[in-house]
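Secondary and tertiary structure notes
So you can see what is in the structure, the chains are spelled out below.
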Amino acid sequence: MGKGVIVGGGIIGLSIARELHKRGYEITVVDKDRIGFGASWVAGGMLAPQAEGLKPGIFFDFCLESRQMYKDFVEELKDDTGINSNYWKCGIFCPAFSEEDAEELINRLTTYKTLGLSGQWLDRRDIEKNYLSLGKDIIGGVLFEEDGQVDNRLLMKALREYALKNFEVIEETRVIKIEEKNGEFFRLYTNNGYVDGDFCVLSAGAWSGKILDIPVFPVKGEMAGVDIEMGEIDKVFFSSRAYIIPRFDYSRLVIGATEERVGFQDGNSIKGVMKLFKGLIDTFPHMKSKNIQEIWFGYRPGTTDLDPILGDYFIKNVYIATGHYRNGILLAPITAKIMADLIDRNEGNKYLDVFSYKRFV
Ligand SMILES: Cc1cc2nc3c(=O)[nH]c(=O)nc-3n(C[C@H](O)[C@H](O)[C@H](O)COP(=O)(O)OP(=O)(O)OC[C@H]3O[C@@H](n4cnc5c(N)ncnc54)[C@H](O)[C@@H]3O)c2cc1C
C-alpha cells in the first residue's frame, strides 16, 4: 500500500480516491477551490448513453457498462455516508419536432435494438395525455427506458463527506506542476508549497491540460433550474433544443445545456439562457409561468477526439483520468474501478488500451 495524491476533487478524482481508500491506500486530494464544486456540481446528472445518441463502439460500451454499475455505486455511497443521491431510472424521452428528427430517432432505435437494447416509439397521443401541455410541433418520440439520472449535487455532497472523513483534503491550493525525478513521480508543486506521495492521479477536469501536456480543453455549458410541482413531469425529455430533468424529489426542474468552445469565459449570457428557456417552452408551453430558481454555467473537460484520457503516463506512478466531456457523471463508477485496478493490481483493460494518452503522441 502507499499514498496516492489526487489532483482535482471532482466526481472522477473523488470516486477513484474512494475506491483506492477502500483497498487500503492513504489518500490526499488537492483542489484549487473546494472539492466537489467543479463541472460535477453544475452538471445535469443524466445517465444517458442512448438518449445522447452515442454510436455503437467501445465508448458506447464503456458508457453502458457504467450505467449498469450506477445503482450499486450510489447505494454503497449511501451506506458509507447516509446521503442518498436520488438515483432514478426514470427513462429518457427524446421528442421528435419534425419528420427528420423522427427518422433519425427511429434509425437509432433500430440500431440499438440489434444490440439487444430497449426503447420504444411513442406517438404524440400516447404522451400528451400525461402532461399539462406539450409543444405543438412534437409529433412523437422515442423512450429509452434504461436511461435515467442521479442528483449530481447530492452525489457530490456524499463524495465530499466521504473525502473529508477519510482523506487528507487540501483545498484552495492550485497544483502548478507534477514534478518527476529519474522518470518517476516525485511530488506536486503547488502555489502553497509541495505535496508528497507515492503516486499521483491527474483528475483536474477541464483544467487538466494546464498541468500536463494533454489535449484537454473547456467546453462551456449553461444551465437553469425552475420550480416544478410534484409529479408534473415524470421523465427526462431530451432533444437538441434542450434537456429537461425533473429531480426525483421534485425540488426543481433542471434545464440544459448550451455548448460552446469559448475557453474559460465565466458567466451566463442572455443568448445562452434564452436558448434554454425556448427549449423548455417549445417542449412544455405551460412552463413559461414558472419561477426561475437559479442559472449557472460550467466547463466540460473536452478532448480533441471527444473520448476520455485514462491510464498511466510516460512518467512512472503518474496516472491520468480526465476528458470525460459530456458523460463524466455517468462514467464515474467504471472509471473508478478500472483506474483502481490499474494502480492497485497493475491490471490492464480494453478501455485503458483505447483511451490511453498515447493516441495523441
Ligand atoms: C453544463 C454541464 C452539464 C453536464 N451534464 C452532464 C450529464 O447530464 N451527465 C453526465 O454524465 N455528465 C454531464 N456533464 C459532464 C460532467 O459534468 C463532467 O464530465 C464531469 O463532471 C467531469 O468530472 P471531473 O471530476 O473530471 O471534473 P470537475 O468536476 O470539474 O473536477 C475537477 C476538479 O479539479 C480541480 N482543479 C482544476 N485545476 C486544478 C489545479 N491546477 N490544482 C488543483 N485542483 C484543480 C477543480 O477545482 C475541480 O474541483 C455536464 C457538464 C456540464 C458543464
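All chains use their own residue numbering, which begins from 1 and follows the written sequence. With the structure being a predicted model, the display of local features is reserved for residues of pLDDT at least 70 and the display and counting of side-chain atom pairs for 80 or more, all residues being used for whole-chain, interface and lining totals.

Considering helix H6 (residues 152–166)
Over its 15 residues, H6 extends 21 Å from the first C-alpha to the last, a length consistent with the 21 Å expected when each residue adds 1.5 Å. Burial is judged by counting the other C-beta atoms within 10 Å of a residue's own C-beta: 20 or more makes it buried, 12 or fewer makes it exposed, and any count in between marks it as partly exposed, with every C-beta position built from the backbone. Numbering of helices and strands starts at the N terminus; helices are DSSP runs of H or I of at least 4 residues and strands are runs of E of at least 2. Three or more residues of H6 are buried, namely Asn 152, Arg 153, Leu 154, Leu 155, Met 156, Ala 158, Leu 159, Arg 160 and Ala 163. Once C-beta atoms are placed from the backbone, any two residues with those atoms within 7 Å are in contact. Packing partners of the buried residues in H6 comprise helix H1 (11–22), strand S2 (26–30), helix H2 (39–42), helix H3 (58–81), strand S8 (168–170) and helix H8 (328–345). To estimate the expected span of a helix, count its residues, drop one, and scale the result by 1.5 Å.

Points about the environment of Arg 125
Tracing the sequence through the fold places Arg 125 in helix H5 (residues 124–128). By C-beta crowding, Arg 125 is classed as exposed, having 8 other C-beta atoms within 10 Å. With 14 residues separating them in the primary sequence, Arg 125 and Ile 139 have C-alpha atoms 8.7 Å apart.

Things to note about the pairing of strand S6 (residues 140–144)
Among the five residues that make up S6, four are buried, leaving the element largely enclosed by the rest of the structure. By this definition, two strands are paired if DSSP reports at least two bridges between them. Here strand S4 (residues 92–96) pairs with S6 via five bridges, running antiparallel. Residue pairing for S6: Ala 96 is matched across the bridge by Gly 140. The pairing of strand S5 (residues 120–123) with S6 spans four bridges and is antiparallel. Bridge pairing in S6 places Leu 122 opposite Gly 141.

Observations concerning the domain arrangement of the protein
What fixes the domain bounds is an automatic or database domain assignment. Here the protein is described as being made up of domain 1 (3–82 + 152–212 + 304–360) and domain 2 (92–146 + 218–303). Each of domain 1 and domain 2 has a C-alpha centre, and the two are 28 Å apart. Across the boundary between the two partners, domain 1 contributes 26 residues, which contact 28 residues of domain 2. When the residues that make up the side of domain 1 that touches domain 2 are grouped by side-chain class, the tally is eleven nonpolar, eleven polar and four charged. All residues other than Ala, Val, Leu, Ile, Met, Phe, Trp, Tyr, Cys, Pro, Asp, Glu, Lys and Arg, Gly among them, are scored as polar; the first ten of these are nonpolar and the last four charged.

Structural notes on unusual backbone geometry
The phi dihedral of Asn 182 falls on the positive side, at around 50 degrees, and the residue is not glycine. Mapped onto the secondary structure, Asn 182 falls in the loop between strand S9 (175–181) and strand S10 (184–190). For Asn 346, which is not glycine, the phi torsion reads 55 degrees and is therefore positive. Along the chain, the position of Asn 346 falls in the loop between H8 and helix H9 (350–354). With 8 C-beta atoms counted inside 10 Å, the residue Asn 346 sits in the exposed group.

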